[in-house]
Every structure is written in structure tokens, then in C-alpha cells.
Amino acid sequence: MHRPSLPHLHRQDPDLAGLVEAEARRQFEKIRLIASENYVSPAVLEATGSVLTNKYSEGYPGRRYYEGQQNVDPVELLAVERARHLFGAEHANVQPYSGSPANLAVYAAFLRPGDTVLGLSLPMGGHLTHGWSVSATGKWFNAVRYEVRRDTGRIDLDQVRELALKERPKLIWCGGTALPRTIDFAAFAEIAREAGAVLAADIAHIAGLVAGGAHPSPAGHADVVTTTTHKTLRGPRGAMILSTAEHAAALDRAVFPGLQGGPHNHTTAAIAVALAEAARPDFAEYAHRVVANARALADALLERGYDLISGGTDTHLILIDLTNKGVPGKPAARALDAAGIELNHNAVPFDPRKPFDPSGLRVGTAAITTRGLTPDRMPQIAAWIDEVVTAAAADPDDASVADRVAAEIRELTAAYPMPGWAPAG
Ligand SMILES: *Cc1c(COP(=O)(O)O)cnc(C)c1O
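Quick notes on the rules
- Residues numbered from 1 in each chain as written.
- Predicted model: local features only at pLDDT ≥ 70, side-chain atom pairs only at ≥ 80, totals over all residues.
- Heavy atoms only, no water.
- Helix = DSSP H or I, 4+ residues; strand = E, 2+ residues; numbered from the N terminus.
- Rg over C-alpha atoms; globule rule 2.2 N^0.38 Å.
- Buried < 20%, exposed > 50% of the residue type's maximum accessible area, 1.4 Å probe, protein only.
- Contact = heavy atoms within 4.5 Å.
- Areas by Shrake-Rupley, 256 points an atom, 1.4 Å probe, with all protein chains shown as cover.
- Lys, Arg positive; Asp, Glu negative; His and termini not counted.
- Charge placed at Lys NZ, Arg CZ, Asp CG, Glu CD.
- Near = heavy atom within 4 Å.
- Polar contact = N/O pair within 3.5 Å; in protein donor to acceptor, adjacent residues only side chain to side chain.
- Nonpolar A, V, L, I, M, F, W, Y, C, P; charged D, E, K, R; others polar.
- Patch = residues over 30% accessible without salt bridge, like charges linked within 9 Å, V, L, I, M, F, W, Y side chains within 5 Å.
- Salt bridge = Lys/Arg side-chain N within 4 Å of Asp/Glu carboxyl O.
- Pairing = 2+ DSSP bridges.
- Axes fitted to C-alpha atoms, helices over the stretch in contact; angles between N-to-C directions.
- Parallel < 35°, antiparallel > 145°, perpendicular 65-115°, else oblique.
- Left-handed = near helix turned anticlockwise from the far one by under 90°.
- Phe/Tyr/Trp six-rings, centres within 6.5 Å; stacked < 30°, edge-to-face > 60°.
- Lys NZ or Arg CZ within 6 Å of the ring centre and 35° of its normal.
- Core = buried A, V, L, I, M, F, W, Y, C linked by side-chain atoms within 4.5 Å.
- Domains from an automatic or database assignment.

Caption draft 1: Spotlight on the overall build of the protein. The number of helices and strands found in the protein is 16 helices and 15 strands. Compactness check: the protein gives a C-alpha radius of gyration of 22 Å against a globular reference of 22 Å for 425 residues, within 12% of the reference. Projected onto its principal axes, the C-alpha positions of the protein cover 60 × 60 × 35 Å. Counting over 425 residues, the protein shows a buried share of 56%. Restricting to contacts in the protein with at least 6 residues of sequence separation, those with at least 24 account for 72%. A total of about 17,900 Å² of accessible surface is found on the protein, and carbon and sulfur atoms cover 53% of it. Once the 41 positive and 48 negative side-chain charges of the protein are each reduced to a mean point, those two points are 2 Å apart.

Caption draft 2: Summary view of the site of the ligand. As a matter of local geometry, the ligand sits amid 13 residues, with S98, S100, D202, H205 and K231 nearest to it. At 3.0 Å from an oxygen atom of the ligand is found a main-chain nitrogen or oxygen belonging to G99. Burial of the ligand by the surrounding chains reaches 85%, relative to a free accessible area of 380 Å². Looking at the shell around the ligand element by element, the count peaks at 3 residues for helix α5 (residues 99–110). Classifying every residue of the shell around the ligand by side-chain character gives 1 nonpolar, 10 polar and 2 charged.

Caption draft 3: Quick peek at a nonpolar patch on the surface. Together, Y56, Y65 and Y66 give the surface a local cluster of nonpolar side chains, amounting to about 380 Å² of exposed area. With a relative accessible area of 62%, Y65 lands in the exposed category.

Caption draft 4: View of the sheet that holds strand β6 (residues 142–146). Taken in spatial order, the 7 strands of this open sheet run β4-β10-β9-β8-β7-β5-β6, and their pairing is mixed. Unpaired on one side and paired on the other, β4 (91–93) and β6 mark the two borders of the sheet. Neighbouring strand axes in the sheet, compared pairwise and without regard to direction, differ in orientation by 20° on average. Docked against the sheet, α5 engages β5 (116–120), β7 (171–174), β8 (198–202), β9 (224–228) and β10 (239–243), running at close to 160° with respect to β9.

Caption draft 5: Broad picture of the environment of H85. Of note, H85 is situated in helix α4 (residues 72–87). Given a relative accessible area of 69%, H85 falls into the exposed group. When the C-alpha atoms of H85 and S50 are compared, they prove to be 25 Å apart, with 35 residues separating the residues in sequence.

Caption draft 6: Molecular detail of the packing of helix α12 (residues 281–303) against helix α15 (residues 378–394). Direction vectors running N to C along α12 and α15 enclose 45°, while the axes themselves pass 8 Å from each other. The pairing of α12 with α15 is recorded here as oblique in orientation. Crossing geometry of α12 relative to α15 is assigned as right-handed. Contacts from N293, A296, L297, A300 and L301 of α12 reach α15 at M378, P379, I381, A382 and I385. Here the residues of the contact of α12 with α15 are counted per class, giving 9 nonpolar, 1 polar and no charged.

Caption draft 7: Up close: the packing of aromatic side chains. Taken as a whole, this structure holds 7 aromatic pairs when the rule is applied. Considering the side-chain rings of F28 and W421, the 5.2 Å spacing of their centres and the 55° angle between planes classify their relative orientation as tilted. Pair noted here: F28 is in helix α2 (residues 14–29) and W421 is in the segment after α16 (400–413), with a separation of 393 residues, a long-range link. Through a chain of ring-to-ring contacts, three or more aromatic side chains come together here, namely Y107, F141 and W173. When the ring centre of Y306 is taken as origin, the NZ or CZ atom of K325, which lies over that ring, is 4.3 Å away.

Caption draft 8: Structural context of the sheet that holds strand β14 (residues 344–346). Sheet architecture is open: 4 strands sit in the order β11-β12-β15-β14, paired in antiparallel fashion. With partners counted over all chains shown, the strands left at the sheet margins are β11 (307–308) and β14, one partner each. One ladder, built from 5 bridges, connects strand β12 (residues 317–321) with strand β15 (residues 360–364); its direction is antiparallel. Bridge pairing links L317 to G364 in β15. Sitting on the sheet, helix α13 (residues 329–338) touches β14 and β15, and the angle it makes with β15 is about 45°.

Caption draft 9: Region of interest: the packing of α5 against helix α10 (residues 248–259). Packing of α5 against α10 brings their axes to within 8 Å, and their N-to-C directions diverge by 115°. When the axes of α5 and α10 are compared, the pair comes out roughly perpendicular. α10 is crossed by α5, and the crossing has right-handed handedness. Contacts between α5 and α10 involve P101, L104, A105, V106, A108, A109 and F110 from the first element and A250, L251, A254, V255 and L259 from the second. Each residue belonging to the contact of α5 with α10 can be placed in one class, and the counts come to 12 nonpolar, no polar and no charged.

Caption draft 10: Just the nonpolar core, in detail. Counting 53 residues, the largest nonpolar core has F87, Y146, I172, F188, I203 and L233 as the members making the most contacts within it. Taken together, domain 1 (46–278) and domain 2 (286–413) each give at least three residues to this core, which thus spans both. In contact with Y146, not counting residues within four places along its chain, are L118, G119, L120, S121, I155, Q159, V160, L163, W173, C174 and F188. Among the nonpolar cores identified, the runner-up in size contains 39 residues, and A296, A332, I341 and I368 belong to it.

Rendered as C-alpha cells:
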């Protein structure tokens, strides 16, 4: 049952209520290893579901286009102050609707259409919005892409520097969606300075680790930092842009009125709640436990002969190349989901397979760490992954292993409470 339960929804729209309850149970019963997902706290859920969703407030605190901002202004100011404090930033904008619009605002602030941007290639672990071809950012700007090194699986900083000095981009992105290793913000900053480019660090995946001191901070290195608020940071779906005071006005104008209308005040409030949670000592412990779990899971997978990009992890994220296991990423991910282990298929660097049917799996430990799982549990999870992947490689139509593993996993997850929901009775 949802806590608090959903009495109005159940009465008024039972079909929809049933779907919400079913999704909650699914999240409760599975081992959720999607690297971009988490479980938010009941307080974050309450703020997200609050009457702040009823209010329009185009503009910024003290400079709004609608009356009645007596409570919304302090909500947004709280979120801004907490963001600045937590990430050591001179300026914070908490209005972007999500990570992709936040990144688009960075382009709007610094570039004109046709200008050059340098970002990590998508199949190497970059994000669509860092200039990939199918994204507007790849169509409207002259996108140049760097890669990871074939031998190490780590970012090729020599290539970044070479491309930056040759192409003279106005904007350089660092950060990505499938990078298991620490991002060297200082090295990127030096390259950006040399090339005369703005350095934007997209810490969407690692924001919670940065907040908790489990990954170095881009503060003092990047001119602009963008992040989603819903991944390791464990807040509502939303985003923030942090920057030096120098770039504050340009970024604020780019978000509103450049790209957006009214901010989502219920989300802003939930971001403020999540930021206060992330400033507590127990969140720092959480962030370090996320990394400890990822390391333990990586070690257990290596022991079972799994090929991990870069040979391991420094973060919450593991990227597996399944080529030596004789099964592509997509059927493996599907079999694992049927067995109660939820993750996503993912391209690996220099993947010979197509993006919609790639060679790899991406794994993250943010959600299971929120549930309370500890490193001693990781060998068992690796064993389940191995059993299911091996069975999928042998006979994709045999569901017997998946069914047994799913039952074992339901038994495990039942012992780890989920924020905001509990089984009835
Ligand atoms: C998730 C992510 C985004 C985009 O966030 P959305 O909220 O899905 O738009 C941007 N950049 C990186 C690196 C991400 O991981």
C-alpha cells in the first residue's frame, strides 16, 4: 500500500490507482539496477504531490509576472540557497524541467546556432544533449565528439585537448551516462582555458556522489554545472544549473524566458527537500555506500569472468561488455527483468552492434543502496545475474531459471523496506 494510501485516487479512478499500486509493488519486489534511478523519500513524495502544483510563477523570486507568490518565492529561494551551499556554487537555477532542457539552456546562454560544441560521443557514454546527431543539439550546432581510449576504457584527454585546440569549440561538455570512472574536472578545466571555451560539467549521474563527498566536485573547475535531481541525488524528476556569478544572468535568461514558461513549483519544493536530505551526514554515508556496493558488485562480476569497461568502477555505475558471454545486451536485459533484476542494455565503447541491440549492460547501485543493501549482498546479486545470463545464452525460451531467481529475489527484497510503500498487512 502507498503510504499515505491513495484513497481519492482509488475511489475516483480505480484503474489508474491500480496501476500506481502495481508499479509500487514492482519497485518493491525487484532489484533495481538502472543506474539513473533511485527511490525518493516520503518527504520528497509529499512535496511533489502538494498544492504547489496549482501555482503559476513565471520569472524569478521577487520578479514574477503573476501575483500570489508569498509562499512560492521562499520555496524557490530555499531550493536555490540549499543548492548553492551543497555544491559550493555562486549561483543556482532550480527551474529547468529536466536534465535535457537544462543542457539546452547552456547552449542558449553561450552559443548561436552553428557554433561548435565538443562533447563525449553517445556510444562512448556521452549524453544525447552533448551534441549527438539525433538530438537538436547535434542538428543546430557544429558538434565535435571525443571518445574513450580503446585500451583503458577511460576518457582520452589527449584527444579532448587536440580537438579543443583544433576546433576551438565555444562549449566543452564533460560528464556522461555510462562512465564508471572519476571525471577529471581539473584536466578538463585546463583544456577549456587553453581553448578559450566554456566548460560545462554535466553531473546528472553523479550529483549525489559529489554532494556526499564520494566523487570530486566540479566546483572551482567548471564554469557551469548542470545536473538532474532524480538520479544519485535522490530528489524529484527535475534539474538545476549551477554556475559562477559571472554567468548567472545569461543562464537565468536562457531558462526563462529563453526556453521555459512557469516553473514546476511542486518539483522545486521537492528539490529543496532532497537538497536538505543530501546535506545530512547520513547522506554522505549513503553516497560512500553506493560506491562500496558498486565496487563489490564489480569485483563479484569480474570473478565470474565478466568483462567490465575500464576494468571496474569508481562510482555507482558498472558497464558490462557481454560479448564473451555469447548473448547481446537486449535479450540479456529482458531475461534479467523477467528474473526480477531490472537494468538496461547499453552500447559499449567501439560497439560492433547496433545502438538498439548493443553488446552491453549498464548497472547502477544507487537504488539498491537506498533500500539498505550492503556490499556483502553483492556476490549473491552477481551470482543471480550470471545464472540468468548463462541461461539466456543457452536457451532464450526457457523461463525456469528466471522464475526461480525471481522468487528468490522477492524473498530478499521483502527484507529491505521501500520508502513510501509497504506490502499490505
Ligand atoms: C539523465 C541525463 C541527462 C538528461 O536528463 P533528463 O532528465 O532525462 O532529460 C542529461 N545528461 C546526463 C549526463 C544524464 O545522465
